[in-house]
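Coordinate analysis (summary)
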Amino acid sequence: MIELEVDLGGLRLKGPVLAASGTFGYGTEVPLLDRSKLAGMVSKGIFLRPRTGTPPARIVETPSGMLNAIGLQGPGVDALIRDYAPLWASWAFPVFVNLNAESIEEYGELTARLDGVPGVAGFEVNISCPNVDQGGMYFGNDPVAAGRVTAAVRRRTKLPVWVKLTPMVTDIGVVARSVEAEGADALCAVNTFVGMSIDLNSRRPRLANRTGGLSGPAIRPLAVHLAHQAARAVRIPVVGVGGIVSAEDALEFLVAGCAAVQVGTATFIDGGAIARVHDGIAAYLASNGFESLEELPRYLPRD
Ligand SMILES: Cc1cc2nc3c(=O)[nH]c(=O)nc-3n(C[C@H](O)[C@H](O)[C@H](O)COP(=O)(O)O)c2cc1C
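An account of the accompanying structure is given in this report. (Residues numbered from 1 in each chain as written. Predicted model: local features only at pLDDT ≥ 70, side-chain atom pairs only at ≥ 80, totals over all residues. Heavy atoms only, no water.)

We now examine the environment of Ala 286. If you trace the backbone, Ala 286 turns up in helix α9 (residues 273–287). Judged by relative accessible area, Ala 286 falls into the partly exposed class, the value being 45%. (Helix = DSSP H or I, 4+ residues; strand = E, 2+ residues; numbered from the N terminus. Buried < 20%, exposed > 50% of the residue type's maximum accessible area, 1.4 Å probe, protein only.)

Take a look at the structure:
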């Protein structure tokens, strides 16, 4: 029996594989999936108030990936507390809420509303959404703003605070350090890359939003590099995310210095992706003579 438990900044998870935000809904939309291997789930992004998101088309397939521009459609925090959190409270894995706001004050207000609500295990602060006009990636692009958002959330909760970083920066280490200094318990690296696809019949962008976030295997080597750079820059754990389909993909992130991983787009193709990745990590460790994930050697030269 291989020990796959993970310590994420003081939080014990039963395994290293979580469901990434926006690809698992609020957990209720995927009732048939095998959740026994799921270490945790991050909810779809939520704002204080309901949002309709962007008009269609919102999704375009691309080589080895997809572009999405959902625009953080969601029911708002009151509906989340009323309709979803009570269900989460009875689930066997922790649910993190993906926080979104248009101002630093609003991030704080949203955290205060959710802090102490049964079923909410912690927060993933999204400062990296490429598909909203106000807020989103703007905060993640600027190390000072990223630090301020983190501080605003940190002040209002003792629950674990993770911050989700954007890949659309020159030096992810600078943002990572700023967020760490303001009290984040862990980092998630990375959100989607901004991309664009053109329809040659209409000679217009395929997405109504013009641009979207690129995810899936197409981004994996970029994401591994950025997660590695973030892990080199900080002492807090980094959760790797971007293009993971197989256990080997996840292991690349883990060896590159991540403490855990999130699986997103792969779930759209294979509902059993998370369980498959979990089992494959255990099989790799066993066949390489390791008894636990902790024993896996990491490649993490420090700056
Ligand atoms: C349809 C869709 C919706 C997403 N919504 C969110 C979101 O609400 N908040 C967030 O932080 N990330 C969101 N993401 C980004 C994913 O959580 C993840 O960071 C990204 O897709 C890269 O991982 P993947 O290649 O495994 O999908 C979304 C991704 C997709 C494909």
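Still to come is the rest of the account.
What follows deals with the pattern of salt bridges. Across all of its chains, the model carries eight salt bridges by this definition. Between Arg 113 and Asp 78 there is a salt bridge, with its nearest N and O atoms 2.1 Å apart. In this pair, Arg 113 is assigned in helix α2 (residues 104–114) and Asp 78 in helix α1 (residues 77–88), connecting sequence segments 35 residues apart. Note on Arg 113: relative accessible area 36%, which makes it partly exposed. Using a relative accessible area of 47% as the deciding quantity, one classes Asp 78 as partly exposed. (Salt bridge = Lys/Arg side-chain N within 4 Å of Asp/Glu carboxyl O.)

Moving on, we get to the packing of aromatic side chains. Inspection of every chain in the model, using the stated rule, returns five aromatic pairs. Both rings, one in Tyr 107 and one in Phe 139, keep their centres 5.4 Å apart while their planes meet at 80 degrees; by these two values the pair is edge-to-face. Within this pair, whereas Tyr 107 is found in helix α2, its partner Phe 139 is found in helix α3 (residues 137–141), the two being separated by 32 residues in sequence. The class of Tyr 107 is buried, set by a relative accessible area of 0%. (Phe/Tyr/Trp six-rings, centres within 6.5 Å; stacked < 30°, edge-to-face > 60°.)

Okay, the environment of Thr 267 next. Within the secondary structure, Thr 267 sits in helix α8 (residues 266–269). The exposure class of Thr 267 is buried, given its relative accessible area of 10%. Put simply, Thr 267 and Phe 24 are 243 residues apart on the chain and 7.9 Å apart in space, counted from C-alpha to C-alpha. Apart from residues no more than four positions distant in its own chain, Thr 267 is found in contact with Thr 23, Phe 24, Leu 33, Ala 273 and Ile 274. (Contact = heavy atoms within 4.5 Å.)

Axis separation between α1 and α2 bottoms out at 10 Å; the angle between their running directions is 20 degrees. Relative to α2, the element α1 is oriented roughly parallel. In this structure, α1 meets α2 at a crossing whose hand is right-handed. Note on element contacts: α2 touches α1 through Leu 110, Arg 113 and Leu 114, opposite Val 77, Asp 78, Leu 80 and Ile 81. (Axes fitted to C-alpha atoms, helices over the stretch in contact; angles between N-to-C directions. Parallel < 35°, antiparallel > 145°, perpendicular 65-115°, else oblique. Left-handed = near helix turned anticlockwise from the far one by under 90°.)

An order of β5-β6-β14-β11 is seen for the four strands of this open sheet, with the pairing classed as antiparallel. Each having just a single partner strand, β5 (59–62) and β11 (193–195) make up the two edges of the open sheet. The sheet shows a mean angle of 35 degrees between the axes of neighbouring strands, direction not considered. Bridge count between β11 and strand β14 (residues 212–215): three bridges; the pairing is antiparallel. Directly across from Gly 195, in β14, lies its bridge partner Gly 212. (Pairing = 2+ DSSP bridges.)

Surrounding the ligand, one finds 23 residues, the nearest of these being Ser 21, Lys 164, Gly 216, Gly 243 and Thr 265. Separating an oxygen atom of the ligand from a backbone N or O atom of Gly 216 is a distance of 2.8 Å. Between Gly 264 and the ligand, the recorded distance is 3.1 Å, taken from a backbone N or O atom to an oxygen atom. When the ligand sits alone it has 610 Å² of accessible area, and the protein chains cover 96% of it. (Near = heavy atom within 4 Å. Polar contact = N/O pair within 3.5 Å; in protein donor to acceptor, adjacent residues only side chain to side chain. Areas by Shrake-Rupley, 256 points an atom, 1.4 Å probe, with all protein chains shown as cover.)

In this section: a negative patch on the surface. Negative charge collects at one region of the surface, where Glu 3, Asp 7, Glu 291, Glu 294 and Glu 295 lie side by side. Along the chain, the position of Glu 295 falls in the segment after α9. (Patch = residues over 30% accessible without salt bridge, like charges linked within 9 Å, V, L, I, M, F, W, Y side chains within 5 Å. Lys, Arg positive; Asp, Glu negative; His and termini not counted. Charge placed at Lys NZ, Arg CZ, Asp CG, Glu CD.)

A general feature of soluble globular proteins is that nonpolar side chains tend to end up buried together. Formed by 92 residues in total, the largest nonpolar core has its most connected members in Trp 88, Leu 165 and Ile 281. With seven residues, the single largest contributor to this core is helix α6 (residues 220–233). Those residues in contact with Trp 88 that lie beyond four places of it in its chain are Tyr 26, Met 41, Ser 43, Leu 80, Val 95, Val 97, Gly 119 and Val 120. (Core = buried A, V, L, I, M, F, W, Y, C linked by side-chain atoms within 4.5 Å.)

Quick look at the packing of α6 against helix α7 (residues 247–255) now. One way to put it is that α6 packs onto α7 with a least axis distance of 9 Å and a crossing angle of 25 degrees. Taken together, the axes of α6 and α7 are roughly parallel relative to one another. Each of Arg 220, Ala 223, Val 224 and Ala 227 in α6 lies in contact with α7, whose residues at this interface are Asp 249, Glu 252 and Phe 253. Here the contact of α6 with α7 is built from residues that sort into four nonpolar, no polar and three charged. (Nonpolar A, V, L, I, M, F, W, Y, C, P; charged D, E, K, R; others polar.)

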